[in-house]
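One-letter residues, chain by chain:
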Amino acid sequence: MKIVSNPTRRSVLKGATALGASLFVPAAWTQARAQETKAFQLTPKPATVSLLGPEWPDTDVWAYNGRVTGPELRLQQGQRLRVDVKNGLNQPTTVHWHGLRLPNAMDGVPELTQAPIDPGDSFSYEFDALDAGTFWYHPHVNSSEQVGRGLYGALIVEDKEPPHVDRELTWVIDDWRLTRDAAIADNFGNGMDISHGGRQGNTLTVNGGQMDEVAVRSGERIRLRLINVANARIFRLNFNGHDPQVIAIDGQPVTPHAPTDGRIILGPGMRADVIIDFGGDPGETFNIVDAVSSAQSYVFATIRYSAEPPLRTSPLDASIRLAPNDVATPDLLTAERHQVVIEGGAMGGMRSAIYKGETLSISELAQQQMKVWALNGVAAHTTKMEPMLTLKQGRSHIITIRNDTGWPHPMHMHGYAFQILSRNNKAVPHTPLADTVLLDRNDVTEIALVADNLGDWMFHCHILDHVVGGMSAVIRVA
Ligand SMILES: [Cu+2]
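### Focus on the domain arrangement of the protein
Then comes step 1: Per the domain assignment, the segments of the protein are domain 1 (9-158), domain 2 (167-305) and domain 3 (336-477).
Then comes step 2: Taken over C-alpha atoms, the centre of domain 1 sits 24 Å from the centre of domain 3.
Then comes step 3: If you look at the interface, domain 1 gives 15 residues, while domain 3 gives 20 residues.
Then comes step 4: Residue composition of the side of domain 1 that touches domain 3, by class: eight nonpolar, four polar and three charged.

Right, dumping it as structure tokens:
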């Protein structure tokens, strides 16, 4: 991997002038100004691919540049990214850059931050890659169906000084609902999925194909970038016989640590970077298990050691700690406090919610295209709404999120990396930064941030059918 050189004085000055014209930019952004632009083209369009291998029929999908997953966009921290998107679908789309702190107008939310890109039309996204880390991109129009049909890809911003590893792998993990003919089941947005746990699939893919085995060599150190792009499935990966160290969560560096219970938990939208020293013997095999619960688990993939002699006899003696990104630290003593309450869904206690300004009973909400979820008493009917919360620009804020439903929800906030302070009144170890926080049913969590990125930002569940059911809101930073 290449190492980014520091921006020259000239490029810093040039950048400062250009950015001075925009509304508001955190101080760090002007310093991180790119000296070079990396340009890519993305064309979302129908395509036919093999998800299951040659013994199965091909699958009609929607895909970026005809590939599932879409191309891995890679650039170095501090570089500028430009992506020209041409819509080859027969419906509007946008591209959202999940987890990236970027100017509001580049966030890819239809109506809220840009007009949707109509079929045949184009839109160019351009912003600086402020944070190194593992991110991804996907549409934000009709997301359940567009993501569920295969529109997603990884966006990797390389560290200036990456840890020394022998190999780096990206696993983009999806869960598809296929018919017996390997076609995508077209029952998107049905009431059952919306009101329960979302669109759970029946077929897993990694990077758009089957990954029964992972070939490794004894002694090697691998950095694994895990990205859960599934509509609804929560993964709990256990690397049996190995000791993965989590070095980043949602792209943001964290104190290297072993995952709790040995399971790496990834709700939809979430990422983890892990470093694994493969200490098994040549020829050995181990299972990676998705340990859903103590009663339920399945083999996600099998690690197979080659017969080659070990690359080294003891683990590499090199630091695996990543340099932090320049994210402002909230002042918890002076922070303003806010609350978000999640209600609704099947087996929930919600009696009514506000929909389009009117209070409706739960059965009336069900008749409004299943708007059966609410955030602070409001079921969303569109992306452009009056803000649920308004955060004062430049101030620190603590948001308490309470899940009063019978279902887990990975709650995602755009434009920010927030600290996860506590879960059920217990401090979260390492106070990780994240863009998505997974709440189990009846969980309460506190997150904190400095409101340094101006604009109207989406705050929503990343179980995409829950968004269809109204579980989204706007947080305004002004
Ligand atoms: Cu949800």
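### Observations concerning unusual backbone geometry
Then comes step 1: Backbone torsion omega between V68 and T69 reads 0°, so that peptide bond is classified as cis.
Then comes step 2: Topologically, T69 is positioned in the loop between β3 (59-64) and β4 (73-76).
Then comes step 3: Notably, D250 is not glycine yet its phi reads approximately 50°, a positive angle.
Then comes step 4: Even without being a glycine, M370 presents a positive backbone phi close to 60°.
Then comes step 5: One can find M370 in the loop between α5 (362-367) and β24 (373-375).
Then comes step 6: For M370, a count of 20 C-beta atoms within 10 Å translates into the label buried.

### Re the environment of A379
Then comes step 1: As for its position among the elements, A379 is in the loop between β24 and β25 (389-391).
Then comes step 2: The sequence separation of A379 and T255 amounts to 124 residues, and the corresponding C-alpha distance is 38 Å.
Then comes step 3: Ignoring sequence-local partners within four residues, the contact set of A379 consists of A353, Y355, L365, K371, W373, A374 and G470.

### So, the sheet that holds strand β9 (residues 153-158)
Sheet strands pair via backbone hydrogen bonds, and the direction of the pair is either parallel or antiparallel.
Then comes step 1: Strands sit in the order β4-β9-β8-β6 across an open sheet of four strands; the sheet is mixed. The outermost strands of the open sheet, each flanked by one partner alone, are β4 and β6 (96-98). Neighbour to neighbour, the strand axes of the sheet diverge by 25° on average, direction disregarded.
Then comes step 2: Note that strand β8 (residues 133-138) and β9 share five bridges and pair antiparallel.

### Some words on the pairing of strand β23 (residues 358-361)
Then comes step 1: Across four bridges, strand β22 (residues 352-355) lies against β23 in antiparallel orientation. Paired with S352 across the two strands is S361, which belongs to β23.

Basis of the calculations
Residues numbered from 1 in each chain as written. Predicted model: local features only at pLDDT ≥ 70, side-chain atom pairs only at ≥ 80, totals over all residues. Domains from an automatic or database assignment. Contact = placed C-beta atoms within 7 Å. Nonpolar A, V, L, I, M, F, W, Y, C, P; charged D, E, K, R; others polar. Helix = DSSP H or I, 4+ residues; strand = E, 2+ residues; numbered from the N terminus. Buried ≥ 20, exposed ≤ 12 C-beta atoms within 10 Å, placed from the backbone. Pairing = 2+ DSSP bridges. Axes fitted to C-alpha atoms, helices over the stretch in contact; angles between N-to-C directions.

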